[in-house]
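Overview (structure and organization)
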Amino acid sequence: MVATPEKPQYKVIGTRPIRPDGTDKVIGRAEYGIDVRLPGMLYGRIKRSPYAHAIIKRIDASKALALPGVKAVITHDDFPPPGDTAMTMGEGGVSTARFMLEGIMASKKVLYRGQPVAAVCATDHHIAEDALELIEVEYEPLPVVSDVREAMSDAAPVLHENLRTRDMAPLSQTPSDKPTNIASHLRFARGDVQAGFAAADIVVEREFETSMFHQGYIEPHNGTAFWNRDGKLTVWCSTQGSFSVRANLATLLQIPVSQINVIPMEIGGGFGGKLVVYLEPIAAVFSKITGKPVKMMMTRDEVFEATGPTSGTYIRVKMGAKKDGTLTAAEVYLAYEAGAFPGSPVGAGATCALAPYDIENYVIDGYDVVVNKPKTAAYRAPGAPAAEFAVESVVNEIAKQLDIDPIDLRLKNAAKEGTPRPTGQKFGRIGAVEVMQAMKDHPHYKSEIQGPDRGRGVAMGFWGNVGGERSATAAINPDGTIKLVVGNVDIGGTRAAMAMMLAETLGISAEQVHPHVVGTDDIGATGLTGGSSSAFAIGWTMYELGLELRKKLTERAARIWEVPEDQVTYGDDGVIRGPADAEGKPREMSFKEIAGRLARTGGAISAGLTTQKQGAGPAYGGHIVDVEVDRETGKVTILRYTAVQDVGTAIHPSYVEGQIQGGVAQGVGMALTEEYYWGPDGRMQNASFLDYRMPTTLDLPMIDTVLVEVPNPGHPYGVRGVGEVPIVPPMPAIQAAIADAIGVNLYKAPMSPRVVLEALLDKER
């Protein structure tokens, strides 16, 4: 760990206590969505389209309804008319109720293979499965477009007759008013790009492609709903945001939010993919019709084909530099697949693409394009990995052509406090330089790499991080512990992080805080767990909640001692001190001592509040990787990997390290093995974990982590989000390492054995 000298000396923060939910998850007592069992429960299954693009001519469910055990069949017509109400998709994604409902159940046209067209519920899961075969659907197939560049051409089949290109920024230029697959266009610009290129000694321009990638969470989507006779709807599901599920259900089903209680179960992975509702609205409609609780869950192939992966992309990057390494200009063109409905993360890609650097002249164009594929969803730093893969690869080529150390070139152009961002804001205190310097000083970078066909690469990554609304209540128990109630879904150890920050504020141990995650009926408004927001946002809540408890305990101590409140203080060591007594002895009580006296001195003490804080500190990561390339098979082996990251303050260093290692593993999958492989008919050919090749422990060495701590001044404990950044640098770092190993630059991810071999064959021709 690299700690800044000015870092405060904490007692709890920075330690590594055991996570509060650890035992339940290890012994299997933790309850996930599949564990929900209710009396009289029915089971639902979905009839999905075998076509990627087709008109629905007819649906006949009469044979399915006649099957014993079948209780109901529903189609799009069983939902209220949706309208065009804007709906949040999480991590900046926005859609409309109409598009969202079409994704849940198609009306007149299917736009991707796997899109739901009907659903059935029955007394048994197998009966429901059999009934699917009895639902007759007649289609009229249409031409399929699955490539983003083809979809942007005038000759492409149009998915939505009413779709027109929408401007997302003032600098954008609106194309003609005609049906199109280009849902939106944005542009960011600074300085004079042409003058910047004219001042350059070299200019490098490259084109890149990236596949769709899936989040790969272990637990499939699931949801159980019970619509009670009093009109109250209760939903149990695997989600990253119970309040966003509640809001989406209220809009889609057109009932008040006060009539919906969403209970988040433990979550078996999300990474952004569980911010969207797929099954919950269908289960709710079934429950309303039958009066029974209804459970639904996806199979693995449904998860691949019908939930939201990240965008496939086409990107062009042109950058100019002087001989001394100064970057003088950049042009970035981003075309992102949104899937069947508008809403790719191209905006985030555009704001992140050049963020590690201070470049005087640039223009960034971003296009959101619909294609006949499943609607994309957030995936860890959504939009950033593809954009920064392209930019970082070009930066490495510039360093190579100028014969400048790639980290020295980055240090020369690094973004600093005051550097303008594409959105016009200026960076506050950031750690880009500290990360780059830590990379340069690391023994891995200083070591010598030996052996044939081995190479080393480096790359930077950026994510802006976000804050958001969080609520919590805390009640002091007589034994000196605290019952902490939150709505913040726990992914990756946030129970531990929030317990530690509350404990730090109160001067007690983390083990004295017992956190509980509850449903929307039992806590105030709480934002989603995503975008690296949770530790920052809930940390603020814990800090202010702790201050409120300190205030109340100070007042109680003053009452117990019968002294003025202004003569009582609450110390950071958790000890309350007052003026000396009549005998001159100091008055003091520990947190545990006063907790035991509360019942007989005025009653128990509790507090609750909601916070909504901005000021999330952006984060940078820098990676160093060594690889070996097998020229016969094209296989790339990771020999050594080091991930450096500015984490602000590491609340629980083990969980921060785990976040970084997990992000690197997913980024390595993007770089080398994972891809959506499509047939000409728009069908995914590898919809299983057997064929969608994610890295395993056998594919990775130990991933070394270096935690650089540049505290975020916008947080009482200096927290920056840590979960998004580490997935960004692997693709360009590995691309550079492969180039160093075999002298071939690859511009397509994944850089699979096929891509490597084709590049080697092209080089030999």
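Every value quoted in this text rests on a predicted model; they were computed, and no experiment measured them. (Residues numbered from 1 in each chain as written. Predicted model: local features only at pLDDT ≥ 70, side-chain atom pairs only at ≥ 80, totals over all residues. Heavy atoms only, no water.)

**Brief notes about the overall build of the protein chain**
Per the secondary structure count, the protein chain includes 20 helices and 31 strands. Each of the three principal axes of the protein chain carries a C-alpha extent, and together these read 95 × 75 × 50 Å. Looking at the protein chain as a whole, 59% of its 765 residues are labelled buried. Counting only contacts in the protein chain whose residues sit at least 6 apart along the sequence, the fraction spanning at least 24 positions is 77%. (Helix = DSSP H or I, 4+ residues; strand = E, 2+ residues; numbered from the N terminus. Buried < 20%, exposed > 50% of the residue type's maximum accessible area, 1.4 Å probe, protein only. Contact = heavy atoms within 4.5 Å.)

**Let's talk about the packing of aromatic side chains**
Applying the stated criterion to the full structure yields 17 aromatic pairs. Residues phenylalanine 304 and tyrosine 692 carry aromatic rings whose centres are separated by 4.9 Å and whose planes lie at 45° to one another, so their mutual orientation is tilted. Of the two residues, phenylalanine 304 sits in helix α9 (residues 300-306) while tyrosine 692 sits in the loop between α18 (653-672) and β30 (703-709), which places them 388 residues apart along the sequence. One residue, arginine 316, lies across the ring of tyrosine 333, its end atom 4.1 Å from the ring centre. (Phe/Tyr/Trp six-rings, centres within 6.5 Å; stacked < 30°, edge-to-face > 60°. Lys NZ or Arg CZ within 6 Å of the ring centre and 35° of its normal.)

**So, helix α19 (residues 730-742)**
Compared with an ideal rise of 1.5 Å per residue, which puts 13 residues at 18 Å, α19 spans 18 Å between its outermost C-alpha atoms and is within 8% of the ideal. Within α19, 12 of the 13 residues are buried, leaving the element largely enclosed by the surrounding structure. By the burial criterion, the buried members of α19 are Pro730, Met731, Pro732, Ala733, Ile734, Gln735, Ala736, Ala737, Ile738, Ala739, Ala741 and Ile742. One or two positions beyond α19, positive phi appears at glycine 743, with a value near 75°. (Expected span 1.5 Å × (residues − 1).)

**Quick notes on the side chain of arginine 550**
If you trace the backbone, arginine 550 turns up in helix α16 (residues 534-561). The exposure class assigned to arginine 550 is buried, which follows from its relative accessible area of 15%. Only 2.7 Å separates the side chain of arginine 550 from the backbone oxygen of threonine 505, close enough to count as a polar contact. The residues contacting arginine 550, other than those within four sequence positions of it, are Thr505, Leu506, Tyr570, Gly571 and Asp572. (Polar contact = N/O pair within 3.5 Å; in protein donor to acceptor, adjacent residues only side chain to side chain.)

**Some points on the environment of proline 579**
Along the chain, proline 579 falls in the loop between β25 (575-578) and β26 (587-590). Residues proline 579 and lysine 375 lie 204 residues apart in sequence; the distance between their C-alpha atoms is 65 Å. With residues up to four places along the chain from it excluded, the contact list for proline 579 reads Val563, Gln567 and Arg587.

**Points about the sheet that holds strand β21 (residues 468-476)**
The strand order β23-β22-β21-β27 describes an open sheet built from 4 strands, whose pairing is mixed. Each end of this open sheet is capped by a strand with a single partner; those strands are β23 (513-517) and β27 (606-613). The sheet shows a mean angle of 20° between the axes of neighbouring strands, taken without regard to direction. The sheet contact formed by β21 and β27 spans 8 bridges and is antiparallel. Within the sheet, the bridge partner assigned to arginine 470 lies in β27 and is threonine 611. Strands in contact with helix α15 (residues 494-506) are β22 (482-486) and β23; relative to β23, the strand with the most contacts, it is inclined by about 140°. (Pairing = 2+ DSSP bridges. Axes fitted to C-alpha atoms, helices over the stretch in contact; angles between N-to-C directions.)

**Some thoughts on the nonpolar core**
Residues Met319, Leu354, Ile398, Tyr620 and Ile738 are the most contacted members of the largest nonpolar core, which totals 106 residues. The biggest single contributor to this core is helix α11 (residues 384-402), with 11 residues. With residues near it in sequence (within four places) discarded, leucine 354 still touches Met319, Ala330, Val332, Ile359, Tyr362, Ile364 and Val391. The next biggest cluster of nonpolar side chains, apart from the first, holds 46 residues, and it includes Ala537, Ile560, Phe591 and Ala595. (Core = buried A, V, L, I, M, F, W, Y, C linked by side-chain atoms within 4.5 Å.)

**Things to note about the pattern of salt bridges**
Across all of its chains, the model carries 44 salt bridges by this definition. Residue glutamate 266 is joined to lysine 25 by a salt bridge in which the shortest nitrogen-to-oxygen separation is 3.4 Å. You can see glutamate 266 sitting in the loop between β15 (260-264) and α8 (280-290) and its partner lysine 25 sitting in helix α1 (residues 22-27), a full 241 residues away along the chain. (Salt bridge = Lys/Arg side-chain N within 4 Å of Asp/Glu carboxyl O.)

**Overview of helix α12 (residues 406-413)**
Burial in α12 covers these residues: Ile407, Leu409, Arg410, Leu411 and Asn413. Residues of α12 that are buried in the fold lie against β18 (327-339), α11, α13 (432-441), α14 (443-446) and β20 (454-463).

**Side note on unusual backbone geometry**
Look at the link from alanine 749 to proline 750: it is a cis peptide, with omega at 10°. With respect to the secondary-structure elements, proline 750 resides in the loop between β31 (748-749) and α20 (753-764). Positive phi, close to 55°, is recorded for glutamine 254, a residue that is not glycine. Here glutamine 254 lies in the loop between α7 (242-253) and β15. By relative accessible area, glutamine 254 is classed as partly exposed at 46%. With phi around 60°, serine 532 is a residue other than glycine that occupies positive phi space. Among the structural elements, serine 532 can be located in the loop between β23 and α16.

**Describing the pairing of strand β17 (residues 313-321)**
Buried residues dominate β17, accounting for 7 of its 9 residues. Pairing of strand β12 (residues 202-210) with β17 involves 9 bridges; the strand directions are antiparallel. Residue pairing for β17: isoleucine 202 is matched across the bridge by alanine 321. Alignment of β17 against β18, held across 9 bridges, turns out to be antiparallel. If you follow threonine 313 over to β18, its bridge partner there is tyrosine 336. The turn joining β17 and β18, which pair antiparallel and follow one another in sequence, is formed by 5 residues; a positive phi near 100° is taken by glycine 325.

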